Amino acid sequence: MQEIVTFSKEGNIGLIVVNNPPVNALSQAVRQGIKTGVEKGIADKDILAMIIICEGRTFIAGADIREFGKPMIEPFLPAIVQYIEDSPKPMIAAIHGTALGGGLEIALGCHFRIAAPTAKVGLPEVKLGILPGAGGTQRLPRLVGPQAALDMIVSGNPIAAQKAQTIGIIDEIADGDLKAAALTFAKKVISEKRPIKKISSLAAKVDNPAMFEEYAKSIARKQRGFLAPFQCIKAVQAAVELPFAEGMKREREIFVELQASPQSKAQRHVFFAEREVARIPGLPADQQTREIKSVGVLGAGTMGGGIAMCFVNAGIPVVLLEVKQEFLDKGLGIIRKNYANTVAKGSLQQDVMDKRMSLIKPTLSYDDLKNVDLVIEAVFEDMAVKKEVFAKLDAVCKPGTIFASNTSYLNIDDIAAMTKRPEDVMGMHFFSPANVMRLLENVRGAKTSPEVYATAMKVGKKINKVPVLVGVCDGFVGNRMLAKRSCECGFMLEEGALPQQIDKVIYNFGFPMGPYAMSDMAGLDIGWRNRKAKFDKLSPREKANNILDKICELGRYGQKTGAGFYKYDDKRNATPDPVIEELIIKHSREVGKTRRVITDQEIIERAIYSMINEGAKILEEGIAARPLDIDIVWIYGYGFPVYLGGPMFYADQVGLKKIYEAILKYKDIVGAQYWEPSPLLAKLAKAGKGFYSK
Ligand code: 3HC
Ligand code: NAI
């Protein structure tokens, strides 16, 4: 068996080579191996300098996250980094790929750093709900100054080698082969007798002592609810205010506290779930897929335009089809404006925008779709229109073209039945704005072939989405669960709550917006149209709960008309409106409900537990294969707080027993029709288990 870390000699230079695929994470064996390597180099009198370098696709990408939450086995990482820094012989890190977290901390323990031009370095721990725990918060500010260190540590975003060199993390960028360049660099260090640079002996200085407080304020909105970013700031502050050894102690205290926090547990869950979601149970890893070299998009409206952008952003040409030239012009105009805004902000080069626009071929003719490999339909949400376009596609497209519908609610199997090739038909449900939102619900129909949905998963990743495979049902995973929340919130309005109260509770729970602020933003007419389309299927109580109809009948469609559940000023700032309060109170009277105090806890339970119960039903029915699929849908599609891990993970943390009891309570109060417990949830709750601990 190949050793994970080897020590070898190239003349008077010691090479410590890490080879722990896939990302050279710092498992116990790697930590031990590095320590042993350094020991050997120090003990060998012929060795005058040492290089730490990695095999495979990357330099060390950090601590082994899989070891978190288990008892740590020595040697510990901070001690290894210190041991490297204390080496009397020059230590050089040779970086390719991504030196992340503990990987960069190892490099910062070294006295010099050389990197491949394509390398990136970063401290992404904050994204796992922790902070750099092996001296990163103490060494980086000493090396690059507190401001640059805060930017890296608090955002967690890696920076490119060039920038890293500019701010002082990287001493040299390798020209050509990294190992050869590192050896040349080491020889230079030896021959020039360059003094060893110990970062821990530098001082981190600030001109403005209030900078930490100001930094915390500047991220308050974006990082609302998260613990780690604010703790990162405290640790960097310690680097400025305390001697190195004491700063290290402070870092350790905060690290230990955060590592044990429910937030970090949730964020680590999300890290692995995000990766697991791509693996489809039952599909072999080498499942054949089709090549997608060109795409057709039907409809250049809100969704079609955004979908077209996703593909051309990834360099895949799009044929964009509309029914009339004016709609085509309008749709293209919006796409152009979107790109132009990004160019104006400086985030996109004009020539890149031009290239992307040139990849869109507008058309009114189905003939132009003959040879595309994938078609995504985003026409009106109307079964008759969908059926018509799918029949046309079936007649013109080459064999093997994948047909996808972006429908929000319609039945994919019924759509597939309109073609002679149902095995090639599926749903690809994007979220609005489609060029921004990362979630892609790929909906597998009863007859969709594995090759087809595996292709949709692959192409989804290629266009930078997080694809989740789900089955056919009304609303699929996300909107089906959302419908439960909307229904309960609507009932609570009748029973005594006001929109601003519900919104505040949901916002404080960690969602970016409450349901009513969100509806106002999306446009109330959309929900109203949906309600009318589904009216016959609603329960008598839902039919009578017509607050939305009443608001829309006043011409209040939300932000775009200056009023909806709230009223808006010309900067679109919302304020609660006494007109709406009156309307709701009057409505309660009309439907015979005596208004009562609805507590914040009741709002959480009814809004969130109703979704969890539906999530459990979705699992039972096999619409989602695993709880993690549901969690990813909610995190990426609806802004469920990452630090709670998604609704199913959150449910496990609350305890299914508690949730089950609440469900039974509301079954009595609200009615069995809305609160019938999922048998799966009931079974797990009674057995003292969770969705993730069956
Ligand atoms: N520990 C354990 N496993 C890891 C890992 C880590 N740090 N980083 C990645 N992996 C695993 C992934 O789970 C995945 O496993 P799978 O194939 O079984 O799903 C595999 O490695 C490949 O990962 P990706 O699919 O993400 O591969 P990419 O090439 O897309 O990305 C990467 C590579 C940029 C390195 C990305 O994996 C990444 O960002 N990793 C996390 C880096 C990180 O957060 N480091 C900090 C760790 S905490 C720390 O260091 C604490 C210290 O301060 C004390
Ligand atoms: P939209 O009304 O903005 O755009 C629809 C476009 O389709 C219009 O430009 C229309 O001219 C065009 N069109 C109509 N019939 C056509 C035909 N026969 N051939 C070609 N083009 C035709 O609608 P939107 O919002 O983009 O929705 C499209 C689909 O996406 C619907 O199925 C909707 O349910 C779904 N969806 C919408 C989301 C949203 O937030 N708007 C989110 C996710 C899915």
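Residues numbered from 1 in each chain as written. Chains lettered and ligands numbered in written order. Predicted model: local features only at pLDDT ≥ 70, side-chain atom pairs only at ≥ 80, totals over all residues. Heavy atoms only, no water.

1. A closer look at the layout of surface pockets
Moving on, step 1. In this structure, the second largest pocket encloses a volume near 660 Å³.
Moving on, step 2. Taken together, 21 residues make up the lining of the second largest pocket; nearest its centre are Arg275, Val277, Ala278, Arg279 and Lys461.
Moving on, step 3. Mapped by element, the contributors of at least two residues to the lining of the second largest pocket are α11 (262-276), α17 (450-462) and β17 (466-471).
Moving on, step 4. When residues of the lining of the second largest pocket are assigned to their parent elements, the largest contribution, 4 residues, is made by α17. (1 Å grid on protein atoms, 1.4 Å probe; cavity = no way out; pocket = protein on both sides within 12 Å on 5 of 7 lines; lining within 4 Å. Points joined across faces, edges and corners; volume = space filled by probe spheres on them. Helix = DSSP H or I, 4+ residues; strand = E, 2+ residues; numbered from the N terminus.)

2. A look at the site of ligand 1
Moving on, step 1. Around ligand 1 sit 25 residues, and of these Arg57, Ala63, Glu105, Glu125 and Arg275 come closest.
Moving on, step 2. In the model, an oxygen atom of ligand 1 is placed 2.8 Å from a nitrogen or oxygen of the Gly102 main chain.
Moving on, step 3. Between ligand 1 and the protein, one listed contact pairs an oxygen atom with a side-chain N or O atom of Glu125 at 2.5 Å.
Moving on, step 4. Burial of ligand 1 by the protein chains amounts to 76% of its free accessible area of 980 Å².
Moving on, step 5. Elements represented by at least two residues in the shell around ligand 1 include exactly β5 (98-100), α3 (102-109) and α11.
Moving on, step 6. Considering each element in turn, the shell around ligand 1 owes the most residues, 3 residues, to α11.
Moving on, step 7. In terms of residue class, the shell around ligand 1 is built from 13 nonpolar, 5 polar and 7 charged. (Near = heavy atom within 4 Å. Polar contact = N/O pair within 3.5 Å; in protein donor to acceptor, adjacent residues only side chain to side chain. Areas by Shrake-Rupley, 256 points an atom, 1.4 Å probe, with all protein chains shown as cover. Nonpolar A, V, L, I, M, F, W, Y, C, P; charged D, E, K, R; others polar.)

3. A word on the side chain of Ser200
Moving on, step 1. Among the secondary structure elements, Ser200 is positioned in the loop between α7 (178-191) and α8 (211-219).
Moving on, step 2. Here Glu85 takes part through its side chain, which lies 2.8 Å from a polar atom of the side chain of Ser200.

4. Side note on the sheet that holds strand β7 (residues 120-122)
Moving on, step 1. Spatial strand order, β5-β7-β8: 3 strands in an open sheet with mixed pairing. Edge strands, defined here as strands with exactly one partner in the open sheet, are β5 and β8 (159-160).
Moving on, step 2. Note: β7 against β8, 2 bridges, orientation antiparallel. Its bridge partner lying in β8, Lys120 is registered against Ala160. (Pairing = 2+ DSSP bridges.)

5. A short note on helix α14 (residues 350-358)
Moving on, step 1. Of the positions making up α14, those classed as buried are Met353, Arg356 and Met357. Projection of α14 onto a plane perpendicular to its axis shows the buried side chains occupying an angular sector of 100 degrees, all on one side. Facing away from the buried side of α14 by over 90 degrees, the exposed positions are Asp351, Lys355 and Ser358.
Moving on, step 2. Where α14 is buried, its residues touch α12 (302-313), α13 (325-344) and β12 (360-363). (Buried < 20%, exposed > 50% of the residue type's maximum accessible area, 1.4 Å probe, protein only. Arc of directions from axis to C-beta. Contact = heavy atoms within 4.5 Å.)

6. A look at the domain arrangement of the protein
Moving on, step 1. One can read the domain layout of the protein as domain 1 (5-259), domain 2 (295-470) and domain 3 (477-694).
Moving on, step 2. Contacts between domain 2 and domain 3 engage 12 residues on the former and 12 residues on the latter.
Moving on, step 3. Connecting domain 2 to domain 3 are 0 salt bridges.
Moving on, step 4. Elements supplying a minimum of two residues to the side of domain 2 that touches domain 3: β16 (439-444) and β17.
Moving on, step 5. Broken down by element, the side of domain 2 that touches domain 3 gets its largest block of residues, 4 residues, from β17. (Domains from an automatic or database assignment. Salt bridge = Lys/Arg side-chain N within 4 Å of Asp/Glu carboxyl O.)

7. Overview of the packing of helix α4 (residues 136-144) against helix α10 (residues 244-259)
Packed helices, taken two at a time, are described by their axes: the angle between them and the distance between them.
Moving on, step 1. In contact at an axis separation of 8 Å, α4 and α10 are set at 135 degrees when each is read in the N-to-C sense. When the interaxial angle is binned, α4 and α10 end up oblique. In this structure, α4 contributes Gly136, Thr137, Gln138, Arg139 and Arg142 to the contact, and α10 contributes Phe244, Gly247, Met248 and Glu251.
Moving on, step 2. The residue inventory of the contact of α4 with α10, partitioned by class, reads 2 nonpolar, 4 polar and 3 charged. (Axes fitted to C-alpha atoms, helices over the stretch in contact; angles between N-to-C directions. Parallel < 35°, antiparallel > 145°, perpendicular 65-115°, else oblique.)

8. As for the pairing of strand β15 (residues 425-430)
Moving on, step 1. Burial runs high along β15: 6 of the 6 residues are buried.
Moving on, step 2. Judged by which residues are buried, β15 turns out to be covered on both faces: Val425, Gly427 and His429 on one side and Met426, Met428 and Phe430 on the other are all buried.
Moving on, step 3. As paired strands, strand β14 (residues 402-405) and β15 are joined by 3 bridges and run parallel to one another. Looking at the pairing, Ala404 lines up with Met426 of β15.

9. Some thoughts on the site of ligand 2
Moving on, step 1. Close contacts around ligand 2 come from 21 residues, with Met303, Glu322, Glu381, Lys386 and Ser408 the closest.
Moving on, step 2. Side-chain polar atom of Glu322 to an oxygen atom of ligand 2: 2.5 Å apart, as the coordinates give it.
Moving on, step 3. Contacts to ligand 2 include Lys386, whose side-chain N or O atom sits 2.6 Å from an oxygen atom.
Moving on, step 4. Summarising the interface, the protein chains cover 81% of the accessible area of ligand 2, which totals 830 Å² for the free molecule.
Moving on, step 5. Of all elements in the fold, only α12, α15 (383-396) and β15 reach the threshold of two or more residues within the shell around ligand 2.
Moving on, step 6. Element by element, the count of residues in the shell around ligand 2 is highest for α15, at 3 residues.

10. Digging into the sheet that holds strand β3 (residues 49-54)
Moving on, step 1. Strand order across the open sheet formed by 6 strands is β1-β2-β3-β4-β6-β9, with mixed pairing between neighbours. Single-partner strands in this sheet number two, and they are β1 (5-10) and β9 (172-173).

11. Quick word on the packing of helix α19 (residues 499-509) against helix α25 (residues 600-620)
Moving on, step 1. For the pair α19 and α25, interaxial distance at closest approach is 10 Å and the crossing angle is 75 degrees. Considering the angle they form, α19 stands roughly perpendicular to α25. Residues Gln501, Ile502, Val505, Ile506 and Phe509 of α19 pack against Asp600, Ile603, Ile604, Ala607 and Ile608 of α25.
Moving on, step 2. The residue makeup of the contact of α19 with α25, split by class, is 8 nonpolar, 1 polar and 1 charged.

12. A short note on unusual backbone geometry
Trans is the common state for peptide bonds, and a negative phi is the common state for residues other than glycine.
Moving on, step 1. Residue Pro22 is reached from Pro21 by a cis peptide bond, and omega for that bond is 0 degrees.
Moving on, step 2. Tracing the backbone through its elements, the reader meets Pro22 in the loop between β2 (13-18) and α1 (28-43).
Moving on, step 3. Positive phi, normally seen in glycine, also occurs at Lys193, with a value near 50 degrees.
Moving on, step 4. As for its placement among the helices and strands, Lys193 is situated in the loop between α7 and α8.

13. A few points about the nonpolar core
Moving on, step 1. Ranked by internal contacts, the top residues of the largest apolar core, which has 84 residues, are Ile608, Trp634 and Phe691.
Moving on, step 2. With 10 residues, the single largest contributor to this core is α25.
Moving on, step 3. Counting the residues that make up this core, at least three belong to each of domain 2 (295-470) and domain 3 (477-694).
Moving on, step 4. Apart from residues lying up to four places away in sequence, Ile608 is in contact with Ile506, Phe509, Phe511, Ile603 and Tyr650.
Moving on, step 5. Counting 65 residues, the second-largest nonpolar core is a separate cluster that includes Met50, Ile130, Val154 and Ile159. (Core = buried A, V, L, I, M, F, W, Y, C linked by side-chain atoms within 4.5 Å.)

14. Brief notes about empty space enclosed by the protein
Moving on, step 1. Scanning all chains against the criterion turns up 2 cavities of 30 Å³ or more.
Moving on, step 2. Approximately 50 Å³ is the volume attributed to the largest cavity.
Moving on, step 3. Taken together, the residues that form the lining of the largest cavity break down as 4 nonpolar, no polar and 3 charged.
Moving on, step 4. Each pocket or cavity is described by its volume, and for the second largest cavity that value is around 40 Å³.
Moving on, step 5. Lining of the second largest cavity is provided by Leu498, Pro499, Gln500, Phe565, Pro576, Asp577, Ile580 and Glu581.
Moving on, step 6. Those elements that provide at least two residues to the lining of the second largest cavity are α19 and α24 (578-590).
Moving on, step 7. Its residues assigned to classes, the lining of the second largest cavity shows 5 nonpolar, 1 polar and 2 charged.

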